[in-house]
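# What the coordinates show
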Amino acid sequence: TDFTADINILSAQTLYNIQHAEAWTDEKGRVHAVAYLDRRETAAIYRDKINEQTTLVNFLRAQAGQTDDLLKKYAALRSAVQHAAEFDSLLRQLKIIYPRSVPDSTPGYTASRIQRDLAETAKQIRVQINIDDDDERRMASVLEELVTRYGFVVGAPAVMRIDGRIAVNDTVHRTPDLVFVRYDLTLQIRDSSGTMLVSVNEKGREGHVSLTEARVRSFRTMETAIKSKGAQRLDHYFDSLIDSMPQ
């Protein structure tokens, strides 16, 4: 019963070295298959993967300690936290697959310390936001929410700047039921030296029963673009800093 419970805990995760026996169909037409693994053999695979994650975490921590560039330091620690989480997931699986291997796989770091270092570095990254024609600060508020999700602080002196512009104009196009506006969003994220890091450009058309409602819908579309594309491209930027680090 306990072992069945363990399997249920892992059912939503990815397991390595799983093998499948031949499937069969019972008298009610239900198809069955048995998945199994060799514990010793699988434990060796897990130890290799765990050691790989440990090596990556230690490498990234060393890179973070060797740079004065806050964005590179943040990227390295961010990646270290991700690999430490992968290590933890693998170790939890190994505890069930082959418990006696666990004592040999203890890392020489604590994940909480890396997370704390990441948070402290993030607080040093100040971001200035300037969006032209954003009279109600709708886009600025969304961007503030975005940067604080990374742990950054809105303010000066800036390590990153976000400059942009929005425009929402009546297209003068009408149908019997709809009024249309055209929207245009431009964002550029730069570092303190002015180097472009990320850009987001979103334009299109929205329609509704009134001009006011069409404008509201266009603002929602631009907000969604900032939350999705802005975060995606900022993530890609930090990942690219890791890729450029010397191995």
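Check the entry above for the structure.
Now for a quick tour of the structure. (Residues numbered from 1 in each chain as written. Predicted model: local features only at pLDDT ≥ 70, side-chain atom pairs only at ≥ 80, totals over all residues. Heavy atoms only, no water.)

## A closer look at the overall build of the protein
Within the protein, the regular secondary structure consists of six helices and nine strands. A globule of 247 residues ought to have a C-alpha radius of gyration of about 18 Å, yet the protein, at 25 Å, is considerably larger. With the C-alpha coordinates of the protein rotated into their principal frame, the extents come out at 70 × 60 × 30 Å. Looking at the protein as a whole, 37% of its 247 residues are labelled buried. A separation threshold of at least 6 residues defines the contact pool for the protein, and within that pool the share at least 24 residues apart is 67%. Roughly 14,500 Å² of accessible area belongs to the protein as shown, and the carbon and sulfur atoms make up 47% of that amount. Distance between charge centroids for the protein: 2 Å, based on 33 positive and 35 negative side chains. (Helix = DSSP H or I, 4+ residues; strand = E, 2+ residues; numbered from the N terminus. Rg over C-alpha atoms; globule rule 2.2 N^0.38 Å. Buried < 20%, exposed > 50% of the residue type's maximum accessible area, 1.4 Å probe, protein only. Contact = heavy atoms within 4.5 Å. Areas by Shrake-Rupley, 256 points an atom, 1.4 Å probe, with all protein chains shown as cover. Lys, Arg positive; Asp, Glu negative; His and termini not counted. Charge placed at Lys NZ, Arg CZ, Asp CG, Glu CD.)

## A closer look at helix H3 (residues 70–97)
For H3, which comprises 28 residues, the first-to-last C-alpha distance of 40 Å matches the rise-based estimate of 40 Å (1.5 Å per residue) to within 8%. Here H3 starts with a cap whose side-chain oxygen sits 2.9 Å from the backbone nitrogen of Leu71, and that cap is Asp69. (Expected span 1.5 Å × (residues − 1). Polar contact = N/O pair within 3.5 Å; in protein donor to acceptor, adjacent residues only side chain to side chain.)

## Quick word on the pattern of salt bridges
Scanning all chains against the criterion turns up twelve salt bridges. The salt bridge involving Asp239 is made with Arg78; its shortest N-O contact spans 3.4 Å. Taken together, the positions of Asp239 in helix H6 (residues 211–243) and Arg78 in helix H3 put the pair 161 residues apart, joining distant regions of the chain. Taking relative accessible area as the criterion, Asp239 reaches 36% and is therefore assigned partly exposed. Judged by its relative accessible area of 13%, Arg78 is buried. In this structure, Arg137 and Glu144 form a salt bridge, with 2.6 Å as the shortest nitrogen-oxygen distance. Look at Arg137 and you get partly exposed, because its relative accessible area is 41%. Salt bridges here are not isolated pairs; linked through shared partners, they connect Arg78, Asp235 and Asp239. (Salt bridge = Lys/Arg side-chain N within 4 Å of Asp/Glu carboxyl O.)

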